[in-house]
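# A closer look at the structure
Listed below, chain by chain, are the residues.
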Amino acid sequence: MSVLDGIRTPALLKAPSRPAPAAAPAPPVKIVPLIVGVVAAVALGVAVQRVGGTRTLWLYVIGLALGVALFHSRFGFTSAWRQLVTVGQGRALRAHMLMLGTACVLFAPILSGLVGFGGPKPAGNIEPISAGLFIGAFAFGVGMQLGGSCASGTLFAIGSGQSAIVLTLAGFITGSVLGTATFSFWTDVMPVGPEVSLAQSRLGYGGALVVQLAIMAAIALATLAVARRRRPPEIANPPRARGLRRVVRGAWPLWAGALALAALNAATLAVSGKPWGITSAFALWGAKIAQGLGLDVAGWSYWSAPKNAAMLNAPVLADKTSVMDVGIMLGALAASAAAGTFVLHRRVPWRLAAGAIAGGILMGYGARIAYGCNIGSYFSGIASFSLHGWIWGAMALLGTFGGVALRPLIGQANPKPTDSVC
């Protein structure tokens, strides 16, 4: 079963489908990984407080919570689009719409200034409509299917012990470095259009919220129509505990993950003044490594921009995206150990390894030239009422078709109409 699969959800998100096997009981707690995860999380929290201060520490705590929510809900982006294009199963995509709609409702009063939290002035992720956006998002969609995960999925899968995804992360970092090295080509040579915010138009935040919720409702209804025509298989049920123990020992409903992610993204916006993002940290880690190898990345146009130059010259633990990324991994480690599902996969077939690296490179490069990944551009972009977020999602979905076609080359099967999708 993939680490990025959806799970059982209420009737609101369901469509006609074939039944899935019943969920197995949750396995015993993995004591050693749990202790390692908790101790590492506390130790790093102390270091983050000393280097980055209290606000950065709060973002690290939000990262830990994101890791827990991502693991327990198995909230996937890669698998959601793959299930839709291969067998017509749209339940996970409907959960995306619930997550996005909730985030829009929470973001609107924060971005409009109706609600304040005393921190930095909030600003959404609003980016230009450019050639890099179209091409980068498409490349990311292909890379997701080859690499086996998206940006958020890569982090929580590593925390859960998925060894192959470490290779995806290595490719992600490599692709991010390549993206920063060629960034000026996409900004200075290729076409770059204006930033388009639905909320900063005549619609205002109220009108933009109505329009976006209507679009999300239409997408959800479209997936239901597809499901009625294709009758996809049910999503397989992962092991789970019963009762209140399910909160820390078992699988959460997919809708619960959607609501948790939306709330935590809004908390990120309130604390830091910017929504949740992931892949800028991969570019930073790669640049630090390249500097250690003697490469003068500071002279690149990407790193010569004042904001990026300051990030490059500062300690990694002062970077809010980096500490949130590490928090996601440690949160997922502790959560998977508590659930009894943490397992290190020591052997990775060579074709799967090659696909993981190639997919990671495509995602890393695509994310840099498209202003972000499935979180920074798709999730946070749409939640910020930016048109570029919708374009990113559409192009990544198109890229999914290409990635799905390539998956058999790396020994990965796609869901079939007779299978329980996973």
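Scroll up a little and you will see the structure.
Read on for a plain summary of the structure. Since the structure is predicted, the reported quantities are computational estimates derived from the model, not experimental observations.

Here we come to the packing of aromatic side chains. Under the criterion given, the structure shown has 14 aromatic pairs. Arranged with centres 5.6 Å apart and planes meeting at 85°, the rings of Tyr205 and Phe385 form a pair that is edge-to-face. Separated by 180 residues along the polypeptide, Tyr205 in helix H8 (residues 204-230) and Phe385 in the loop between helix H16 (374-383) and helix H17 (387-406) bring together distant segments of the chain. What makes Tyr205 partly exposed here is its relative accessible area of 23%. Measuring from centroid to centroid gives 5.5 Å for Phe282 and Trp285, while their planes differ by 55°, and the two rings are tilted. Taken together, the residues Phe282 and Trp285, both in helix H11 (residues 279-292) and 3 residues apart, mark about one turn of the helix. For the pair formed by Phe282 and Trp285, the shared burial category is buried. Within the aromatic cluster, the residues linked to one another by ring pairs are Phe75, Phe77, Trp81, Phe140, Phe172, Phe282, Trp285, Tyr378 and Trp392. When the ring centre of Phe71 is taken as origin, the NZ or CZ atom of Arg74, which lies over that ring, is 4.4 Å away.

This next bit is on helix H10 (residues 254-272). Between the first and last C-alpha of H10 there are 27 Å, a value that for 19 residues agrees with the 27 Å anticipated at 1.5 Å per step. Within H10, 14 of the 19 residues are buried, which leaves it mostly tucked inside the rest of the structure. Positive phi appears at Gly273, one or two residues downstream of H10, with a value of about 85°.

Turning our eyes to something else, we now look at unusual backbone geometry. The residue Arg74 is not glycine, and still its phi comes out positive at about 50°. Among the structural elements, Arg74 can be located in the loop between helix H1 (31-73) and helix H2 (78-87). You will see that Phe385, though not glycine, has its phi angle at about 70°, which is positive.

How each quantity is defined
- Within every chain, residues take consecutive numbers counted from 1 along the sequence as written.
- With the structure being a predicted model, the display of local features is reserved for residues of pLDDT at least 70 and the display and counting of side-chain atom pairs for 80 or more, all residues being used for whole-chain, interface and lining totals.
- Side-chain calculation: all heavy atoms of the structure are included, whereas hydrogens and water are not.
- Aromatic pairing here means that ring centres of Phe, Tyr or Trp (its six-membered ring) are within 6.5 Å. Orientation follows from the plane angle: under 30 degrees is stacked, over 60 is edge-to-face, and everything else is tilted.
- Each helix is a run of H or I in the DSSP string that is no shorter than four residues. Each strand is a run of E no shorter than two, and both are numbered from the N terminus.
- Three labels apply to residues, based on accessible area from a 1.4 Å probe with only protein chains included: buried if under 20% of the type maximum, exposed if over 50%, partly exposed otherwise in between.
- Comment: the charge-over-ring label is applied if NZ (Lys) or CZ (Arg) is within 6 Å of the ring centre and within 35 degrees of the ring normal.
- A helix is expected to reach a length of 1.5 Å times the quantity of its residues less one.

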